[in-house]
Protein chains: 2
Amino acid sequence: MKIKKPEYYINGVLEQNMRVLAKTITLIESTLPEHQNTAKIIIDKLLPDSGKAVRIGITGVPGVGKSTFIENFGMMLIREKQNVAVLAVDPSSRKSGGSIMGDKTRMEKLSVEKNAFIRPSPSGGTLGGVAGKTRETMIICESAGFDVIIVETVGVGQSETAVASMVDFFLVLMLAGAGDELQGLKKGIFELADAVAINKADGDNIKKAQLAKHEYESALSLLIQQSASWSVPVLTCSAVTLDGIEDIWETILEHRKKLTSTGEYTEKRRKQSLEWMWALLEEGLKSRFFENTNIKKLLPGISREVEKGRKAPNVAANELLSLLK
Amino acid sequence: MKIKKPEYYINGVLEQNMRVLAKTITLIESTLPEHQNTAKIIIDKLLPDSGKAVRIGITGVPGVGKSTFIENFGMMLIREKQNVAVLAVDPSSRKSGGSIMGDKTRMEKLSVEKNAFIRPSPSGGTLGGVAGKTRETMIICESAGFDVIIVETVGVGQSETAVASMVDFFLVLMLAGAGDELQGLKKGIFELADAVAINKADGDNIKKAQLAKHEYESALSLLIQQSASWSVPVLTCSAVTLDGIEDIWETILEHRKKLTSTGEYTEKRRKQSLEWMWALLEEGLKSRFFENTNIKKLLPGISREVEKGRKAPNVAANELLSLLK
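Residues numbered from 1 in each chain as written. Chains lettered and ligands numbered in written order. Predicted model: local features only at pLDDT ≥ 70, side-chain atom pairs only at ≥ 80, totals over all residues. Heavy atoms only, no water.

## Some remarks on the environment of Trp249 of chain A
For Trp249 of chain A, the location among the structural elements is in helix α11 (residues 245–261). It is 8.1 Å that separates the C-alpha atoms of Trp249 of chain A and Phe73 of chain A, two residues lying 176 residues apart in sequence. (Helix = DSSP H or I, 4+ residues; strand = E, 2+ residues; numbered from the N terminus.)

## Observations concerning the interface of chain B and chain A
Across the boundary between the two partners, chain B contributes 56 residues, which contact 56 residues of chain A. When chain B packs against chain A, close to 5,300 Å² is buried across both sides, 69% of that on carbon and sulfur atoms. Applying the counting criterion to the chain B and chain A interface returns two salt bridges. Across the pair Lys286 of chain B and Glu282 of chain A runs a salt bridge whose closest N-O atoms are separated by 3.5 Å. (Contact = heavy atoms within 4.5 Å. Buried area = accessible area lost by both parts, 1.4 Å probe. Salt bridge = Lys/Arg side-chain N within 4 Å of Asp/Glu carboxyl O.)

## Regarding the sheet that holds strand β5 (residues 169–175) of chain B
Residues and elements named next belong to chain B. As summarised here, the arrangement of the seven strands in space is β3-β2-β4-β1-β5-β6-β7, forming an open sheet in which the pairing is parallel. Each edge of the open sheet is held by one strand with a lone partner, namely β3 (116–119) and β7 (234–236). Ignoring which end each strand starts from, the neighbouring axes of this sheet average 20° apart. Sheet topology note: the strand β2 (residues 84–88)/strand β4 (residues 148–153) ladder contains five bridges and is parallel. Bridge pairing in β4 places Val84 opposite Val148. Contacts from helix α4 (residues 66–79) reach β1 (54–59), β2, β3, β4, β5 and β6 (195–199), with the element oriented near 180° to β4. (Pairing = 2+ DSSP bridges. Axes fitted to C-alpha atoms, helices over the stretch in contact; angles between N-to-C directions.)

## A short note on the environment of Thr59 of chain A
Residue and element names in this part refer to chain A. Structurally, the position occupied by Thr59 is in strand β1 (residues 54–59). Measuring from C-alpha to C-alpha, the distance between Thr59 and Thr153 comes to 5.0 Å, with 94 residues separating the pair along the chain. When neighbours within four sequence positions are excluded, Thr59 is seen to be in contact with Lys66, Thr153, Val154, Gly155, Glu160, Phe170, Leu171, Val172, Leu173 and Ile189. A polar contact is formed between the side chain of Thr59 and the side chain of Thr153, at a distance of 2.7 Å. (Polar contact = N/O pair within 3.5 Å; in protein donor to acceptor, adjacent residues only side chain to side chain.)

## A word on the relation of the copies chain B and chain A
Overlaying chain B on chain A yields an RMSD of 0.0 Å, the required transformation being a rotation through 180° with an accompanying axial translation of 0.0 Å. Such a combination of turn and shift is consistent with a two-fold rotation axis. Across chain B, the rotation axis passes nearest the C-alpha of Ala219 of chain B, at a separation of 2.1 Å. Comparing contact sets, 100% of the residues at the interface of chain B also lie at the interface in chain A, consistent with an isologous, same-surface contact. (Least-squares fit on C-alpha atoms with pLDDT ≥ 70 in both.)

## Some remarks on helix α12 (residues 245–261) of chain B
Residues and elements named next belong to chain B. Compared with an ideal rise of 1.5 Å per residue, which puts 17 residues at 24 Å, α12 spans 25 Å between its outermost C-alpha atoms and is within 8% of the ideal. Among the residues making up α12, those that are buried are Ile245, Ile248, Trp249, Thr251, Ile252, His255 and Leu259. The arc that holds the buried residues of α12, viewed along the axis, is 155°, so those residues lie on one side. With respect to the buried face of α12, the exposed residues turned more than 90 degrees away are Lys257 and Ser261. Just past α12, the residue Gly263 takes up positive phi, approximately 85°. (Expected span 1.5 Å × (residues − 1). Buried < 20%, exposed > 50% of the residue type's maximum accessible area, 1.4 Å probe, protein only. Arc of directions from axis to C-beta.)

## Section: the pattern of salt bridges
Tallied over the full model, the rule gives 18 salt bridges over all chains. A salt bridge links Glu217 of chain A to Lys213 of chain A, with the nearest nitrogen and oxygen atoms 3.1 Å apart. Here the residue Glu217 of chain A and the residue Lys213 of chain A both occupy positions in helix α10 (residues 206–223), the gap between them amounting to four residues, near one helical turn. Across the pair Lys268 of chain B and Asp194 of chain B runs a salt bridge whose closest N-O atoms are separated by 3.8 Å.

## Comments concerning a negative patch on the surface
Taken together, Glu80, Asp243, Glu246, Asp247, Glu250 and Glu254 of chain A make up a surface patch of like negative charges. Counting through the fold element by element, Glu254 of chain A comes out in helix α11. (Patch = residues over 30% accessible without salt bridge, like charges linked within 9 Å, V, L, I, M, F, W, Y side chains within 5 Å. Areas by Shrake-Rupley, 256 points an atom, 1.4 Å probe, with all protein chains shown as cover. Lys, Arg positive; Asp, Glu negative; His and termini not counted. Charge placed at Lys NZ, Arg CZ, Asp CG, Glu CD.)

## Some points on the confidence of the model for chain A
All names here are of chain A. In the predicted model, chain A carries a mean pLDDT of 86, and 88% of its residues have values of at least 70. The least confident element of chain A, judged by mean pLDDT, is helix α5 (residues 102–105) at 55; the most confident is strand β7 (residues 234–236) at 97. This stretch, residues 92–101, has a pLDDT under 50; its non-local contacts, to residues over four places away or in other chains, come to 11 contacts. Both confidence scores are given for the complex: pTM 0.85, ipTM 0.79. (pLDDT = per-residue confidence, 0-100.)

## Quick notes on the domain arrangement of chain A
Note on interface size: it is often stated as the accessible area lost on association of the parts. All names here are of chain A. For chain A, the assigned domains are domain 1 (1–49), domain 2 (51–261) and domain 3 (275–322). Interface of domain 1 and domain 2: buried area, both sides summed, is about 1,600 Å²; carbon and sulfur atoms make up 64% of it. The closest approach of N and O atoms between Glu29 and Arg119, which form a salt bridge, is 3.2 Å. Where domain 1 touches domain 2, the interface holds five residue pairs in polar contact (both at pLDDT 80 or more). Of all the elements in the fold, those that place two or more residues in the side of domain 1 that touches domain 2 are α1 (6–14), α2 (18–29) and α3 (33–46). Within the side of domain 1 that touches domain 2, the residues separate by chemical class into 11 nonpolar, four polar and two charged. (Domains from an automatic or database assignment. Nonpolar A, V, L, I, M, F, W, Y, C, P; charged D, E, K, R; others polar.)

## Comments concerning the packing of aromatic side chains
Counted under the stated rule, the structure contains 18 aromatic pairs over all chains. Note on Phe69 of chain B and Phe73 of chain B: the rings are 5.5 Å apart at their centroids and 15° apart in plane angle, and the pair reads as stacked. One end of the pair, Phe69 of chain B, and the other, Phe73 of chain B, are both in helix α4, four residues apart, so they sit about a helical turn from each other. Phe73 of chain B shares its class with Phe69 of chain B; the two are buried. Among the aromatic residues, those joined into a cluster by ring pairs are Phe69, Phe73 and Trp249 of chain A. Note that Lys4 of chain B overlies the ring of Tyr8 of chain B, its terminal NZ or CZ placed 4.7 Å from the centroid. (Phe/Tyr/Trp six-rings, centres within 6.5 Å; stacked < 30°, edge-to-face > 60°. Lys NZ or Arg CZ within 6 Å of the ring centre and 35° of its normal.)

## What about the side chain of Lys311 of chain B?
Relative to the elements of secondary structure, Lys311 of chain B occurs in the loop between α14 (293–307) and α15 (313–323). At a separation of 2.8 Å, a polar atom in the side chain of Lys311 of chain B contacts the side chain of Glu319 of chain B. Apart from residues lying up to four places away in sequence, Lys311 of chain B is in contact with Leu47 of chain A together with Ile302, Glu305, Val306, Ala316 and Glu319 of chain B.

## Structural notes on the sheet that holds strand β5 (residues 169–175) of chain A
All names here are of chain A. Judged by pairing direction, the sheet is parallel, and its seven strands sit side by side in the order β3-β2-β4-β1-β5-β6-β7 without closing on themselves. The sheet is open, and its two borders are formed by β3 (116–119) and β7, each paired with just one other strand. Sheet twist, expressed as the average angle between the axes of neighbouring strands with direction ignored, equals 20°. Sheet topology note: the β1/β5 ladder contains four bridges and is parallel. Pairing of Ile56 across the sheet is with Phe169, part of β5. Contacts from α10 reach β5, β6 (195–199) and β7, with the element oriented near 170° to β7.

## Description of α2 of chain A
Each turn of an α-helix holds 3.6 residues, which means side chains three or four residues apart point in the same direction. All names here are of chain A. In this model, α2 (12 residues) spans 17 Å end to end at C-alpha, consistent with the 16 Å of a helix rising 1.5 Å per residue. Of all the positions in α2, only Val20, Leu21, Thr24, Ile25, Leu27 and Ile28 are classed as buried. Considered in projection along α2, the buried side chains sweep an arc of 155° and stay on one side of the axis. Taking the backbone nitrogen of Arg19 as reference, a side-chain oxygen 2.9 Å away marks Asn17 as the first, capping residue of α2.

Shown next as structure tokens:
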């Protein structure tokens, strides 16, 4: 990619030029130092303008109907005069599509809407990297005037915690009576949820979905700590009848209203900024460690000794840390 | 404390001399470099001999009856000819006692048993420090011939994950119909549990406890991923009638048997050793960061800028990392 001056990207984004928006995101996702430097300037410039969108994380294992849900949810938002950006996080979610067009073809209606922007998942990179880029992409999309940003994860990866820490509202999609799907679902996912929605609640499935709703409600109240101002609701929805899709949007707005009134909304955003910084710092410290020549040479052997019980883990840790000096 | 040669501690521990055992633990808990050096020699020598005990983590919020449970559970083990060591982790758990004797007075019967050893919580230190010391203390107790090591946490602190990663079996004590206690309970605690026990299941409370048992069972199967070889059971128990206390021990032994037969037991111990090393490495990397003079000077200001949205978190992280060069 031939790189242009930062102003080209900044102005293009602010003028809501979708082609420039896409190019800017590609620049941000690039790992080339030259690209990264320009990206840094762009983000620094656009950051103060960002933060106005409703940021929603949506997760669910493959088969739960995530793409169809997001398409219908997005189309409903478009009808409500909201501009919608959909960002996919997991590199693995490309498997379903197999190409850059994968995400677009799975949301046929939404992808041709002029008030919608769908960005397929970045190609690989570290978790921190992907999640980091997603945050920056979110900022760029907000500067380009999107009212709602949806960040999608597959629910079985490692990005859920990262995504939950960059959105205002985290929605977990489940199916009725599918205890099996838990086997694939990321551990601790319900701790992150602001709402759970039982999908495919239509036809013969309605009764089962209602039952599941009640079961999840009592399970959540029993096992998951609820905040003083927000109890995680369990909703039902259908991509076929479109029942419940609007309720979810209303729930998200209600959540925003409630937490804004208590000051928790601003507080959450503040905390998220700091968490982002800390996550990047931790990542940076770790990569310095792993890139150290001495560590590279000795880590495998020392790890093996520890695993076999031949070396005490604390002795091993001290040895490795002393190599950094 | 006047320090002796490593052999004094090593031999004393192996000869099951309780006074020397206590002194050795004090040495391990000390932060003086001289003490730490001797401690390292002792642990390195005793590590190959350790690992034979059943390691049990027990957690529950204050009021759940944890001390009484551990006392009765411990006395039952003594009757079954098991030597029992009880280690408390949280500095905060001292609050109840207020002194070194605090933990001993709350377990009156167990503390006078010659086959039991109760070690109050270490005084302060960082979390990693406390948990790190607990692992080492566990090794020392195993070398001193204890068959069962119980590690107790208060369930509201930050040590639960660390403790769960150093024991074979993690037991969460709850009360019947006490949704309120969740408010205090550490997030994500049920993900760590190998069993949940509803305590105080006696008298008028039996029915309620039975109901709670069923509720927890279905909630756990709905929200918490179960392993292929172990589904987290929900038990009931009483310190008054002693009902269920033996069942818990049998459950622990069954867990051990099952996971041993699948090879998961050995695998878990191996993973735990590596996790311990990684936890210490992370702690070490972080403390190097925080002790850096430049970081100390600039971190507060940069954090504030990030929190106020004036500086992009990624720019801040890069700035801070570049200070380390």
